[in-house]
Amino acid sequence: MDVYRSLAAILTSSSSPSSSPISLIASQLSTALAEQKPALSRVLAELLHSQSTPDPDAQKVLHNYVRSLVSAVSLEDVSAEFKLAVELADEGLLIKILDETVEDVGALLYKAKEVHISSDNAFAVDSGKFLENYLGGTAAESEEKKLDRGNIPDTVVRQLRFWHFLFIVEGSRAQATNEELYRRIASVLPARLLASMGLRDLNIAKAASNALCCFVNDFHQFLPAGSSEMLWDGISRLINAEIHVDLALALWLRWIAATSENAKPTQEILAQDKYWTSIQKCLATGFSERRKYSLYLLMTSISLIQEPINTRTFDFDPKKRGPIMAAWSKFTTLIEITSLSTSPNQLRDATPDLKRLLDLSSYVPASWLVVLTSLGFQAGSGGVSRAFWDILISLEKNRLARLFEGPEGRKLLQDVILPFCAYASNFVVGRSTPEKCEHGTQLATWVRRILGAGDKEMMKASARAILTWIDKAEDNLFAPARAWILKGLLEGVEGQAVFDKVDDLRLLVKIAKMQRFTKMKVDVCVAIVLRLLLAIDVRKVGVKEFWNLLAEISFKKEYLLSEKYMIALLEQFGPWLVEREQFFTVTEMAFGLKNEKDSPSRVDMLKAVLVLYWLSCDEQLSPDHFPGRAMWIKDLDKTRVSFWVILLGNRQLFHRVANIFGGPTVLPRLLSSYTGSEADLANLLELWPAELLESEEPENALDNSVLPRIFQSSWVRLLDSKDQKFEQKEGQERAYCAAVCASSVKFLGDDVFERIRVEDILGMINAFGLPKLGRNKHDNIKMTSTAGRFIGAMLSLLDRAIGASKEELDTLTVSKIILALPRLMRFLENESLMGALAIIRSVATMAPWQLLECQKLQGGNLDSLILQLWETVDAATLRSDFIKAYLGFIKTVFHPVIVSQAVENEGLRGASSTVINEIMKLGNGRRSIKPAIAKAIRKAFLHTSEHPSIIGRSKWLIDTVINLILWSPNPKDLDMSVEHPLTILFDDVAPGIDHYCEYYGDHEIFSQVYIFDMLARMNEKDHDQAEFVKVLREKLFLPWTENYIGMSVWTAWKKHSHLQTLVLLERFVEADDAEEFLDLVINKALCNEPHPRFRFLFEWIISLCILRYPEHRNCIWPHLQYPENQNPKLQVSLLRVALMVSRNLSPNLREEYFTELVYTAVPLTSNTKVVVRHQAIAMQLELWEDAGHFGFSTLTENLLFNRVHKAVLTSSYYKEFKNAKDFRTFDGVGNYTLTSIFSGTYLCGGDEIEIIPTTAFSALPEDAGKNRHRHIPLGITTATTASTITPAETPDHSGKVEYNRHDTAQLSTPIQTKSTVPPSTQAAGSSLIVIASLLENGFNLGGLSRVSEIMGVQTLTLHSKAITKASEFTSVSVHSESWLDIIEVPNSGITAYLREKRNEGYTAVGVEQTDQSVILGQGEWRFPEKTVLLLGTEKFGIPAELLGELDVCVEIPQRGITRSMNVQTAAAVVLYEVVRQGMGK
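Basis of the calculations
Residues numbered from 1 in each chain as written. Predicted model: local features only at pLDDT ≥ 70, side-chain atom pairs only at ≥ 80, totals over all residues. Heavy atoms only, no water. Helix = DSSP H or I, 4+ residues; strand = E, 2+ residues; numbered from the N terminus. Buried < 20%, exposed > 50% of the residue type's maximum accessible area, 1.4 Å probe, protein only. Contact = heavy atoms within 4.5 Å. Areas by Shrake-Rupley, 256 points an atom, 1.4 Å probe, with all protein chains shown as cover. Core = buried A, V, L, I, M, F, W, Y, C linked by side-chain atoms within 4.5 Å. Patch = residues over 30% accessible without salt bridge, like charges linked within 9 Å, V, L, I, M, F, W, Y side chains within 5 Å. Salt bridge = Lys/Arg side-chain N within 4 Å of Asp/Glu carboxyl O. Lys, Arg positive; Asp, Glu negative; His and termini not counted. Charge placed at Lys NZ, Arg CZ, Asp CG, Glu CD. Axes fitted to C-alpha atoms, helices over the stretch in contact; angles between N-to-C directions. Parallel < 35°, antiparallel > 145°, perpendicular 65-115°, else oblique. Nonpolar A, V, L, I, M, F, W, Y, C, P; charged D, E, K, R; others polar. Expected span 1.5 Å × (residues − 1). Bend = angle between axes of the 7 residues up to and from the residue. Polar contact = N/O pair within 3.5 Å; in protein donor to acceptor, adjacent residues only side chain to side chain. Left-handed = near helix turned anticlockwise from the far one by under 90°.

Asks: Looking at this model, I keep getting lost on the overall build of the protein chain. Mind explaining?
Replies: A count of helices and strands for the protein chain gives 73 helices and nine strands. Every one of the 1481 residues in the protein chain was classed for burial, and the buried ones make up 54%. Considering only intrachain contacts with a sequence separation of at least 6, the fraction spanning at least 24 residues in the protein chain is 79%. Carbon and sulfur atoms provide 50% of the accessible area of the protein chain, an area that totals close to 64100 Å².

Laid out in structure tokens, this is it:
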């Protein structure tokens, strides 16, 4: 109605009858309101269209209005305006807008080409060649016309969006309204749109992309010849700009769907390698949407191929289209599984397909499989990445070679796989096997297999790629990962000359120099790199380069060289490795002029040293024929002392070299005419081994005048400078003189202290002028180092003097020694700090009573001294190994004399406690700290009979002892947890040394071993020790009395070592405390304890306590006969306790107690509680047997007992387990040994815990003094083995009860047997293994664990043992995993596991419906005695590749319609059939 009103108003208001309606509406359109213009413009357009004679003025008005719509429209929402503009525009206007668009876009492109590449207006990709090829000079001409025009980018965006809307509207019609117009558009616009898509301005790029995509999609038939090449040129260019990849893909999708000859991809384009690599790039990058597009492009492109293609990344033969398309279809499915569905289960099921694609006969080139693998490791699901890793480690050599032989494969190795493998979280170490790291071993093995998969060229390229990656990762790489990767590299190149380029050698040097880790982690990598030198092609890199390389790597790491390594060099490279030049180098480095100003560098001298090491290991080279030996021996006194200092860097090899030059005569000859610096002399004497001077031959004996003369000369120089003020230069000379004196003493012995007394050395120390530090930090560091070196040497000399001059150590002298140390605190570092602590220990050892007297006189000097030294540690160890400082304090604080004085001296006790508590905290991340503390405490306990109760009276140590008892490795500290496996790797690389002990000392488990051994040696009759243990026991036991009903099975604070200690110390429970203790254990701890292992230990403790105090033996009857607490688990435990007690009671008490037990247990066989009922039933066999052995005829003649026994004998319960191993209840007395307590089999199964092997106790030094022997034997049996019963007590147990069928003749009383067979009677001889590694569901696995344990399965395999901790597993398993042997077999390892078991005589049986399956219960087929039962996945069953590994498949008979049952249910049915058939009898 508004339109018509407008028309009426216009026509009636006209004053000129000659005016036409068109001119009137045009005039009104120019002045109308905005809301009226759309209606007026539509009317005007219709009038102009219907009129035969054009009206230029009206047409101009309409065109101007349309232009205003396009130019003034918002950039955010343009649909309404553009819809109207498209509706109103005629052909003439569209041509004008097209010309303007071409002109404006050309100007924009020209400007983008001219500006700097970093400008926002520039191209994102190099577009120069594209502009030249497809646009010519248009852009340049346009620039001159449009340079000064307004905001061109916004104008261009509006124009391009207009064309986009026009193409959408026209494209929706069946046919274009004006073909000539679209041919004109196709001739000028697409190239400019393609060029615009490459601009950095995303608004323009997206607008151009939308317009071009729409045009190509709907109007591709109008594109001129050659458009296909232009489109591909533009798309391939855009693919290189990450921000425009998705725009390029959108266009590519339209282009590949085009059907016109000018537009669709040509066979020439499809034959280009670049075409397929571009699809690869799109597939490998971006998110899932881009991958979907890429897969569509891939499959559509393949379907377009009509001619053979053979490029580096793609190969296609149209004659084999069917199988090739099938292979690519499988490839796309795997891509979808890997990167879109991210399902590890689906990926595992598709593993056979992936392996087939990796076959040499596969139609999918390796580079595409690289993309697939890369996506697998970059998937959002960690499970997919892990599944892909499992697949990779299972690949055969030929498949590995195909995947990694090309440059793409090596890039995959560097960019994806190695970074994934090096994640610290992968290197998990089990608590029960701390010496193994499965992932590290897998990684090393896999790297080795990669290197050995192809030919030698592939080996070289792969090794270089791995080294390059390690170099680029530098110190950001997890250090253990680097070691295992290098280990795999070493094993892979062993025996091959792989490194034949200087760049390879540089990489090895750089890797060896990565030292931002602990010493052991650095050294193991350096040791591997040294071994890798055996794989150098010396003929190509040159002998000189080899020695330079060896010297650089060995610099300051000479101790890592060994005789075996040098011999290996000799065997590998032969004598030609040493050329004439090397002999000249030795001569030049070792025998240079003494006054030479330019002395050689340490690295240069090291090269000469290495040559000597190498020659000395040549077993076939006689010393008499040693090259240059005569000349070198002749001029031995002229050699550089610094050269010999470097030779001393490796003691083992030094001895070989020294023996060649005369052995014991070398040092005297070097010193006989020595006139060099005191520094070199000090270093030489400090490092020279004293044993090398010993000789039985007179001519080789040490010249007795040389060293005394040197000592005396240096001492005199010290005396002359005694009262001088400190100056840096003179201070250095004094420090070196002191070092010479301190080092000479080890050769001269204690005789030197007949002339130089303790007082003299103390005077020298007290007279030493300490430096005054200023503001210059550099000078302060140098002065502090010099003063520390002097102090360290003098303290070392004083320490030797104290040990040699016991008679001098009166109270006054000891006091002077203690008082001399505080003055030196500021300058103590490194060895000087160690020297101060050694002084304290020496005084305590040599003059204990004088030290005690000194404490009384001086008011606690020792405790304040220890605290001052401890406060010095942080500053003193900044540039040193702080672990040494901690170990020094541990030795000092726990010195027996100091510990004994701390008992009486509160100040010393407080100082010692402070230091130890701090060290304990700092030791949480250091392996060597806690074992050292435990060792020191035990040593103090075992010291001598002079200190019989040191530890017993040191109750301040109880918290420390508890801390050590409760030690357990921290699984979150991965860097520390892998140290033990790394030392095993180190042992393999450099055999002959226990590297764990070399770097860390005792194993961490010795934190407990030393303490447990000490507690086993404590005497309950010693009052002090008994009081110490009482407090210790109370602190350990108190938390367990807080147990409550319904508490979690897994509680963080609960440790098995808690209760092991209580078992160990039960003998300290006194008679007065026994009743209260038993009450707490039974009614507080055991009553509410849910964990089976902890319950077992409590049962053991209770039985031991009752046996020691039999007057309390009846305390358990109330809980069994008329219990107030209806806790079935408590009743089961007390039944076992009663049986343990009854067997070990004295004979005069046994029959009464045993009779009471029988009268209690028999009624419980019908108890309503399942666990109680079955425990009572299980005990009937033992009770009957024991009654017969003990001769209790009254019981065996009891009618009810007799009938119950016979009922048990005829039950299915007994028939199944009559041939099982010894099922007797555990004997707590016979097994009361350290072996049973700490490594008994009750520790196996369930959660992973630490087990202390018997060898740990047996290896401890037996340095016990009087009354220090173990009160608990070491033992050789395990905790679950029944003890041997002597004839005087009970006869030997046979291990089983004989079955007599006549015992059932008078059976009349049935016995209820519904539940599981108790653990004590579980079959152990079963040879049935169930493989459930294909299962993922935790509920299914929990139920399977339960039914497997019930049916007596020997071993259950899971894909990961971690699932046993999941709530869905434990909610169904009811702790069955604690009694079942569960091992971890990943999916990738099932095939190998099946083959291994088949080689051991097992028959592999699968539960699967196949055309050849045996129907259970039908026919004569029986399960073999040794069976491995394989269960399939919940959804897909057993994969095809595993079916081929099976001997037979079995199927459950079915009568219903449903074709499958739950896997847990199916397993239960099959296992029942196995048991029913009597397998394993």
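Asks: Could you clarify how one ought to interpret the nonpolar core in this entry?
Replies: When a protein is soluble and globular, its nonpolar side chains tend to lie buried together. Core analysis: the largest hydrophobic core is formed by 450 residues, its most contacted members being W252, F331, W446, W644 and W688. When near neighbours in sequence (up to four residues on either side) are disregarded, F331 contacts L283, L298, L357, V364, W368, L369 and L372. In terms of nonpolar packing, the next biggest core, distinct from the first, is built from 30 residues, A1366, I1382, I1452 and V1474 among them.

Asks: In this structure, what is going on with a negative patch on the surface? I would like to understand it.
Replies: Among the surface-exposed residues, E1034, E1075, E1076 and D1079 lie close enough to one another that they form a single negatively charged patch. Among the elements that line the negative patch, the one with the most residues is helix α58 (residues 1071-1085), at three residues. Of note, E1076 is situated in helix α58.

Asks: What is the right way to read the environment of S339 from this model?
Replies: Inspection of the secondary structure puts S339 in helix α17 (residues 321-341). Counting along the chain gives 52 residues from S339 to F287, while the straight-line C-alpha distance between them is 8.8 Å. Beyond its immediate chain neighbours, meaning those up to four positions away, S339 contacts R291 and L375.

Asks: Looking at this structure, how should I read the packing of helix α44 (residues 831-846) against helix α47 (residues 882-893)?
Replies: For any two helices packed against each other, the geometry comes down to the angle between their axes and how far apart the axes lie. Taken N-terminus to C-terminus, the directions of α44 and α47 make an angle of 10°; their axes are 9 Å apart at the nearest point. Taken together, the axes of α44 and α47 are roughly parallel relative to one another. In this structure, α44 uses L833, M834, L837, I840 and R841 to contact α47, whose residues at the interface are K884, A885, G888, F889, K891 and T892. Its residues placed into classes, the contact of α44 with α47 shows six nonpolar, two polar and three charged.

Asks: Looking at this structure, how should I read helix α10 (residues 179-196)?
Replies: Along an α-helix, residues three or four apart share an orientation, since each turn contains 3.6 residues. The end-to-end C-alpha distance of α10, which contains 18 residues, comes to 25 Å, matching closely the 26 Å that a straight helix rising 1.5 Å per residue would cover. Of all the bends in α10, the largest measures some 40° and sits at A186, one to four residues before the proline P190. By the burial criterion, the buried members of α10 are L181, Y182, I185, A186, L189, P190, A191, R192, L193, L194, A195 and S196.

Asks: How should I be thinking about the side chain of S228 in this particular structure?
Replies: Along the polypeptide, S228 turns up in helix α12 (residues 227-239). The class for S228 is buried, based on a relative accessible area of 1%. A polar contact is formed between the side chain of S228 and the backbone oxygen of K264, at a distance of 2.8 Å. Excluding residues that lie within four positions of it along the chain, S228 makes contacts with W255, N262, A263, K264, P265, T266 and I269.

Asks: Whenever I open this one, the packing of α17 against helix α20 (residues 366-378) confuses me. Can you help?
Replies: For the pair α17 and α20, the least separation of the axes is 9 Å and the interaxial angle reads 15°. Relative to α20, the element α17 lies roughly parallel. Considering the relative orientation of α17 and α20, their crossing is left-handed. Judged by residue contacts, W328, F331, L334, I335, T338 and S339 of α17 engage W368, L369, L372, L375 and G376 from α20.

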